[in-house]
Amino acid sequence: MAANPSALIAPSTPLPTRRLGLTDMHITRVGFGAWAIGGPDWAFSWGEQDDNESIAAIRHAIDRGINWIDTAAIYGLGRSEEVVRRALADIPQNERPYVFTKCGLVWDEADRQLTPRQIGAPASIRREVEASLRRLKVERIDLYQMHWPAEDGTPLEAYWQTLLDLKHEGKVRAVGLSNHNTEQLEFAEGFGHVDTLQPPFSPIRRTVAAAELPWCHEHQTGVIVYSPMQSGLLSGRFSVERAKALPKDDWRSRNAEFNGEKLLANLKLAEALEPIAEHYGVTVAAVAVAWTLAWPGVTGAIVGARSPAQVDGWLAAASLQLTQHDMSWIAQAILATGAGSGPDVP
């Protein structure tokens, strides 16, 4: 059976939604990820991007029913937020998607290639939120997240309290933590409810399934996972040749998962997903994303795209419900290929 990326979703069919933790937001099972559209010339770039194509991708995602976008100040050193603003500029306020962004990574304007610093100082976070509000041209950010734990000596309670204060002041609607572990989540919860967690999660990178996902499920903290296709490795369109051809300014060219034996194992896992994709008439990408959504505690998955066609490649994941048999098949494939680490079945 040939894969039809939109087989499960007609344009007029609303996408399923879930409540995001205890917030008043109900989000589609997949959201638009705006990391790659940040463009070149920064430490974790995906290389040169066409802003017009990125805008077309965002608008197409919205037209197909996706109701949230995840970005961050660090993506393109402000460029991603600006592209999101341009994409939403002509959309009436009551039809716009939720916009989520992040703080806590501060760059050096004198050297854009330097690894950003993980800063939690309250004054810095307040400068960052004002800058994001300006770039996005919104009066309130729907979800504001601390991107990584601070490494500038600021204690967790100080930066988390700052985010809680911003929520109380109405500058942001909800607050969350990204890339934080259960010990940090538990500590933050003592000062004020953690609305959301944003961890990496894919059939390759599975470690958060051991502790963070159960913690969030128990505490009614929403979870929006990132890199569910492992940055394209599980898109069904990747290859050894493509990995070798990645430009030097694409961070993936330097990542272990895209090189050597790990790359081969990951590509074998992607190949093992093909029978499930063919069965449902969808892409391997949609199966990979749907796998993350099958885990208890996961509210939604952030999926990147740089063109409307890429959106259509994974959109079916929004409605695809994998069976226990499917999940067992994938678990066996994970074991057989040796790809990644962490629990392999819910």
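All residue numbers refer to positions counted from 1 along the written sequence of the respective chain. Note on the predicted model: pLDDT of at least 70 is required for a residue's local features to be given, and 80 or more for side-chain atom pairs to be given and counted; whole-chain, interface and lining totals, by contrast, use all residues. No hydrogens and no water enter the side-chain calculation; it runs on all heavy atoms of the structure.

*Asks:* How should I be thinking about the environment of Leu335 in this particular structure?
*Replies:* Among the secondary structure elements, Leu335 is positioned in helix H12 (residues 324-337). You can call Leu335 exposed: its relative accessible area is 64%. Residues Leu335 and Leu269, spaced 66 residues apart in sequence, show a C-alpha to C-alpha distance of 9.4 Å. Under the DSSP-based scheme used, a helix requires at least four consecutive residues in state H or I and a strand at least two consecutive residues in state E, with every element numbered from the N terminus. Three exposure classes are used, based on accessible area relative to the maximum for each residue type with a 1.4 Å probe and protein chains only: buried under 20%, partly exposed in between, and exposed over 50%.

*Asks:* Help me understand the pattern of salt bridges in this model?
*Replies:* Close approach of charged atoms lets side chains of opposite charge pair. Think of a salt bridge as a Lys or Arg side-chain nitrogen and an Asp or Glu carboxyl oxygen that are within 4 Å of each other. Enumeration according to the criterion identifies 12 salt bridges in this entry. Linking Arg86 and Asp51 is a salt bridge whose minimum nitrogen-to-oxygen distance equals 3.6 Å. In this pair, Arg86 is assigned in helix H2 (residues 79-88) and Asp51 in helix H1 (residues 51-63), connecting sequence segments 35 residues apart. By relative accessible area, Arg86 is classed as partly exposed at 35%. The shortest N-O distance in the salt bridge between Lys171 and Glu130 comes to 2.8 Å. Here the residue Lys171 occupies a position in the loop between helix H4 (156-169) and strand E9 (172-178), and Glu130 occupies one in helix H3 (residues 122-136), the gap between them amounting to 41 residues. By relative accessible area, which is 25% here, Lys171 ends up partly exposed. Linked by salt bridges that have partners in common, Glu48, Asp51, Arg79 and Arg86 make up one network.

*Asks:* Help me understand the nonpolar core, please; the structure alone is not making it clear to me.
*Replies:* Note that soluble globular proteins tend to have their nonpolar side chains buried in a common cluster. Nine residue types can take part in a nonpolar core, namely buried Ala, Val, Leu, Ile, Met, Phe, Trp, Tyr and Cys, and a core is a set of them joined through side-chain atoms within 4.5 Å. Judged by nonpolar contacts, the single largest core of 93 residues is most densely connected at Val30, Phe32, Ile58, Tyr144, Trp160, Phe201 and Trp314. Here this core gets nine residues from one element, more than from any other, and that element is helix H10 (residues 284-293). Throughout, a contact is declared for two residues whenever any of their heavy atoms are within 4.5 Å. Each residue touching Tyr144, except ones within four places of it in the same chain, is listed here: Thr101, Lys102, Cys103, Ile125, Glu128, Val129, Leu163, Leu166, Val172, Ala174, Val175 and Gly176. Membership of the second largest hydrophobic core comes to 11 residues, among which are Trp68, Tyr98, Phe100 and Ile224.

*Asks:* Is there a simple way to explain the sheet that holds strand E11 (residues 222-225) in this structure?
*Replies:* Think of a sheet as strands paired side by side through backbone hydrogen bonds, with each pair either parallel or antiparallel. In this analysis, strands are considered paired if DSSP registers two or more bridges between them. If you trace the eight strands once around the closed barrel, you get E3-E4-E5-E8-E9-E10-E11-E12, paired in parallel fashion. Between one strand and the next, the sheet's axes are offset by a mean angle of 30°, whatever the strand orientation. With four bridges connecting them, strand E3 (residues 30-33) and strand E12 (residues 300-304) associate as parallel partners. When the bridges of E12 are listed, Phe32 appears paired with Val303. Only the stretch in contact is used when a helix axis is fitted, and all axes are lines through C-alpha atoms; the angle between N-to-C directions ranges over 0 to 180 degrees.

*Asks:* I'm lost on the packing of helix H5 (residues 182-189) against helix H6 (residues 212-219) in this one. Help?
*Replies:* How two helices pack is summed up by the angle between their axes together with the distance between the axes. Where H5 contacts H6, the axes come no closer than 9 Å and their chain directions differ by 25°. Judged by the inter-axis angle, H5 sits roughly parallel to H6. At the point where H5 passes H6, the crossing takes the right-handed sense. Contacts from Thr182, Leu185, Glu186 and Glu189 in H5 reach Glu212, Trp215, Cys216 and His219 in H6. For this scheme, ten residues count as nonpolar: Ala, Val, Leu, Ile, Met, Phe, Trp, Tyr, Cys and Pro. Four count as charged, namely Asp, Glu, Lys and Arg, and the remainder, Gly too, count as polar. In terms of residue class, the contact of H5 with H6 is made up of three nonpolar, two polar and three charged. Oblique is the label for any angle not covered by the other classes, which are roughly parallel (under 35 degrees), roughly antiparallel (over 145) and roughly perpendicular (65 to 115). Helix crossings get a hand from a simple test, with the near helix turned counterclockwise from the far one by less than a right angle marking a left-handed crossing and a clockwise turn marking a right-handed one.

*Asks:* In this structure, what is going on with the environment of Ile141? I would like to understand it.
*Replies:* On the secondary structure map, Ile141 appears in strand E8 (residues 141-146). Ile141 sits 63 residues away from Gly78 along the chain, and the two C-alpha atoms are 15 Å apart. The residues touching Ile141, leaving out its near neighbours within four places in the chain, are Val99, Thr101, Val129, Ser132, Leu133, Leu136, Lys171, Val172 and Arg173.

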